[in-house]
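Summary of structural features
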Amino acid sequence: MIDSELQSTCSNTGHHHHQIYGESPRDNDKLGRVCLVGAGRLGMNRLRLFSKLGVPCTAVVEPNKSSPLWSEPSIHKHPLGDRDAGVSEESAIGSSSASGDAIHLYEDFSQVPTSLYDGVWIASSTASHPSCIGAASEKTGNIFCEKPIAFDTSQVSSAYKMCDSKGVSLYCGWTRRFDPAFVQLFKNSGNKIKELELINKDYFTPTPEAVAFLKTLGSIFQDFVCHDLNAACLFMGELPLAVEATPIDSMGVGIWDKVSCVLSYSENRLVKIEADRFGPYQQSAKALLNDGTKLNSLNIPGHNVFERYDQAYSAEIEFFHKILKGEHPDNLCSSEHCLATAILIEMAEKSALLRKPLVIPPELRNSMLLQVTPVVKLPMAMMQIGFGEFGKYIQQTVMPYVSEHIRTLAIINTKNLDTIGSMLANPLLDSVYVCVPYRQAPPIVERCLQAKKKVLCEKPLLSLEHLCSVAEENNVLLALGFHRRFDENFLKAKASLNAYLEQVQVSGPFSLKIESKDSCPPREPPLSVSQYTDMLNLSLVHDLDMASWLFDTIPVTISVNRISKRNNGIDLQLLVDVHYKDRASLTIPVRIEYTRGNPTYVQQVHINLANGQSLLFGHNKSGPVMFDAYLPAYRSQFEWFACQPSTGTRCNSCKCGLKQHCETYSRTAKLLNQCTELILPTS
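Reading the values: the criteria
Residues numbered from 1 in each chain as written. Predicted model: local features only at pLDDT ≥ 70, side-chain atom pairs only at ≥ 80, totals over all residues. Heavy atoms only, no water. Buried < 20%, exposed > 50% of the residue type's maximum accessible area, 1.4 Å probe, protein only. Helix = DSSP H or I, 4+ residues; strand = E, 2+ residues; numbered from the N terminus. Arc of directions from axis to C-beta. Expected span 1.5 Å × (residues − 1). Phe/Tyr/Trp six-rings, centres within 6.5 Å; stacked < 30°, edge-to-face > 60°. Core = buried A, V, L, I, M, F, W, Y, C linked by side-chain atoms within 4.5 Å. Contact = heavy atoms within 4.5 Å. Disulfide = S-S within 2.5 Å. Pairing = 2+ DSSP bridges. Axes fitted to C-alpha atoms, helices over the stretch in contact; angles between N-to-C directions. Salt bridge = Lys/Arg side-chain N within 4 Å of Asp/Glu carboxyl O. Right-handed = clockwise from strand over helix to strand, strands pointing away. pLDDT = per-residue confidence, 0-100. Polar contact = N/O pair within 3.5 Å; in protein donor to acceptor, adjacent residues only side chain to side chain.

Residues of helix α16 (residues 464-473) that are buried include every one of L464, L467, C468, V470 and A471, and no others. Seen end-on, α16 carries its buried residues on one side only, within an arc spanning 160°. In the segment just after α16, N475 is the residue with positive phi, at about 50°.

Bringing helix α11 (residues 335-354) into the picture now. An ideal rise of 1.5 Å per residue puts 28 Å on 20 residues; α11 measures up with 29 Å between its terminal C-alpha atoms. Counted residue by residue, α11 has 16 buried out of 20 residues, so it is predominantly covered. Directly beyond the C-terminal end of α11, a positive phi value near 60° is found at R355.

Any two aromatic rings considered together are summarised by their centre-to-centre distance and by the angle between their planes. Here the structure, examined in full by the defined rule, presents 21 aromatic pairs. Between Y203 and Y281 the ring centres are 6.1 Å apart and the planes differ by 65°, which places this aromatic pair in the edge-to-face class. Of the two residues, Y203 is situated in the loop between β8 (193-201) and α7 (208-214) and Y281 in the loop between β11 (270-276) and β12 (282-289); the sequence distance between them amounts to 78 residues. Look at Y281 and you get buried, because its relative accessible area is 17%. Here the aromatic rings of F486 and W640 are separated by 5.6 Å at their centres, their planes lie at 55°, and the arrangement is tilted.

A word on the nonpolar core. I149 and F235 are the most contacted members of the largest nonpolar core, which has 102 residues in total. When residues of this core are assigned to their parent elements, the largest contribution, twelve residues, is made by helix α8 (residues 220-236). When neighbours within four sequence positions are excluded, F235 is seen to be in contact with F182, L185, F186, S189, N191, I193 and L196. Within the second largest apolar cluster, 97 residues are counted, among which are I444, V470, L574 and L609.

The next thing to look at is the state of the cysteines. Tallying each qualifying case throughout the model produces zero disulfides. Cysteine C163 shares no disulfide, and the gap to the nearest cysteine sulfur, in C145, comes to 9.5 Å. Residue classification places C163 among the buried residues on the basis of a relative accessible area of 1%.

So, about the pairing of β11. In this structure, β8 lies alongside β11, joined through seven bridges in parallel fashion. Bridging across to β11, I199 finds its partner in E274. Following strand β10 (residues 258-264), the chain reverses through five residues before pairing antiparallel with β11; E267 in that reversal takes a positive phi of roughly 60°.

Strand order in this open sheet of five strands is β16-β15-β17-β18-β19, and the pairing throughout is parallel. Each edge of the sheet is formed by a strand with only one pairing partner; in this case those strands are β16 (406-412) and β19 (478-480). Averaged over all pairs of adjacent strands, the angle between strand axes in this sheet comes to 20°, irrespective of strand direction. Sheet topology places strand β17 (residues 431-434) next to strand β18 (residues 454-457); four bridges connect them, and they run parallel. Its bridge partner lying in β18, Y433 is registered against L456.

What follows concerns the pattern of salt bridges. Applying the stated criterion across every chain yields a total of 28 salt bridges. The partner of R46 in a salt bridge is E316, with the nearest N and O atoms 2.6 Å apart. Of this pair, R46 sits in helix α2 (residues 41-53) while E316 sits in helix α10 (residues 310-324); the two residues are 270 residues apart in sequence, bridging distant segments of the chain. A residue is classified by how much of its surface remains accessible, and R46, at 0% relative accessible area, is buried.

What follows is about the environment of D179. Looking at the element boundaries, D179 is found in the loop between β7 (169-173) and α6 (180-189). On a C-alpha basis, the gap between D179 and L378 in space is 9.8 Å, while along the polypeptide they are 199 residues apart. Beyond its immediate stretch of four places on either side in the chain, D179 contacts I300, R308, Y309 and A312.

With five of five residues buried, strand β6 (residues 142-146) is to be regarded as a mostly interior element. Side chains N142, F144 and E146 project from β6 onto one buried face, and the interleaved I143 and C145 project onto a second face that is buried too. Two strands pair when backbone bridges link them, and strand β5 (residues 119-122) and β6 are joined in this way by three bridges, in the parallel orientation. If you follow V120 over to β6, its bridge partner there is I143. In this view, the connection linking β5 to its parallel neighbour β6 by way of helix α4 (residues 129-137) has right-handed handedness.

In this section: unusual backbone geometry. Residue P460 is reached from K459 by a cis peptide bond, and omega for that bond is -20°. Mapped onto the elements of the fold, P460 is located in the loop between β18 and α16. In this structure, the amide linkage connecting P525 to the following residue, P526, adopts the cis form with an omega of 0°. In this structure, P526 sits in the loop between β20 (511-517) and α18 (529-550). Positive phi outside glycine occurs at E267, with the angle close to 60°. Residue placement: E267 occurs in the loop between β10 and β11.

With that settled, consider the sheet that holds β11. Where strands meet in a sheet, backbone hydrogen bonds hold them as pairs that are either parallel or antiparallel. If you walk across this open sheet you meet the seven strands as β13-β12-β8-β11-β10-β9-β14, and the pairing is mixed. Here the strands that pair on one side only, and so sit at the sheet edges, are β13 (294-296) and β14 (358-359). Two elements, β12 and β13, share three bridges in a ladder whose sense is antiparallel. What sits directly across from K286, in β13, is N296. α6 contacts β8, β12 and β13 of the sheet and is inclined by roughly 0° relative to β12.

To continue, consider the confidence of the model for the protein chain. Taken as a whole, the protein chain shows an average pLDDT of 85; of its residues, 87% reach a score of 70 or greater. Here helix α3 (residues 89-95) is the element of the protein chain with the lowest mean pLDDT, 35, and β5 is the one with the highest, 98. Predicted confidence is poor over residues 83-101, with pLDDT under 50, and the contacts of this stretch with residues over four places away or in other chains come to 38 contacts. Within the model, the stretch residues 649-658 combines pLDDT values under 50 with 22 contacts to residues more than four positions away or in other chains.

With respect to the secondary-structure elements, C457 resides in strand β18. When residues no more than four places from it in sequence are discounted, the contact partners of C457 are V434, A441, V445, A479, L480 and G481.

Counting through the fold element by element, T676 comes out in helix α21 (residues 658-679). Looking at T676, its side chain comes within polar contact range of the main-chain oxygen of L672, at 2.8 Å.

Here is the structure:
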């Protein structure tokens, strides 16, 4: 029955961070130890993954003496009545190695010393969950329980109330919330689902042995369809108006092995569930969005639940391990969602028994307006177009550092551009990184923007104004690869310059010099116009952008005053007019000197203050060290790109400086165009 106190439970329970109960370990390196309760089919899989992931499982509770653990020689066994069942704090801490080679096995949880673990993982039968949670809540502050918490709603409610009253955090293992396929579909659907179809087919064969085992698990709703009902809570963010379940006992043996379930929501939205205990094994989801877009979940191979959900099971363990070590990852399934799932299980089972749809009482629905909970933060899925020397550097040197934020879904070189279309149609793709020769980039970037994928393109980007308009039309982010904006040296230069101009009344000469000297081989003079143009577009454009970016928080007008060519180099002067509201405008000359073929690698900003003081920022090293010098900047640039929303090229509310980035791109492009016009021969 649905507990009359449920509404107060929903409003009062939540995620807690608190002290660990029992004696604290003496060595912080030992934090994160787990006591596993239950070593059946699922518990043994958890034990395998604890070892694989390096999570110390120091104690296991398994009352069944026929379990293979009781015959495992490497495990320290403590049967009931064993005089040596107790373990001292000192020996417990000493034995809790991450390799899991010192596990203490007990018949009963009451035997396990609190000094042996930091949290409890419950993988016993569902019927035992409430009593196990009750016992664990007396000894620890963190409990992870396999789904479901209990067989009926009142027990679920009571478990959360009890833990809440003791300051204990209770987490429930709704595996799909940690699964890449379902998480990605949820992320791409954007809470705009018109119809959700969930296919859930198990791997059992219809034998007498399988039937006998299934009867021990509870009804198909309590043990199997519960995953789909919980997924409905996640995707739809609220309880449905009504539930209709149609079960089938295809073998005539007294258990439902197939079921069709329809959840009806306001505005004619639906969730359709098809479940079958006897397969063939399939776990998938399809979503129809409000605008007619159709999305499919990622196909993850697996012949059974342990193969198919191996990544998700591992992610659950890593999540709980972080909790036990004192970190605070997002709570992926709140008590409200567990309670809502329990309500749906109960309503679906009643609907199946009565053979009719059931309406969920409005007062209950209104008391449980579910907030969509945070889900596993998947790395941004990115396609890289271009795999020359620089593209290889990004993949081989930069990407390993940012794997937490970005995963490369595909790499396409310039010889295989015909494959771009199929990748852009992939709903799993979030973004595109373009690092092709700059004259090839514009049509590629435009195609990606029209596919509504956010784009990071290496500088320079010809036809920038047009491509910015394409980005705005499609409401998608366009960013350019000016990596110096992310370099710590130049960030300090910018901060110093801006602070000086904002706080000091400048009187006297004040100027900047941006000096760039590449250690790449010089070209044989005389250089052609085309070579000078490439020098502008490939190298000196960074210096132009530096001048634009350094002043992006101050109202300024920047113009090219003069430009001169020399063998393997270009010199130019910009005039920066600073527009103050409360004082006279200031004109700052900015000299840019670029040289190719220098024996040392130099990238520096000289700020010559009016008081005669000179500030120097940047790099000055021997040898071809550009990649080494800017590796941290490239890492920061890609992390920045990953954290930006996909939509909006003029995001006024973004705290990461997106608005300034975008506006100075245009200013840099205009300066580059002016320089190109000046360097071309006059007719």
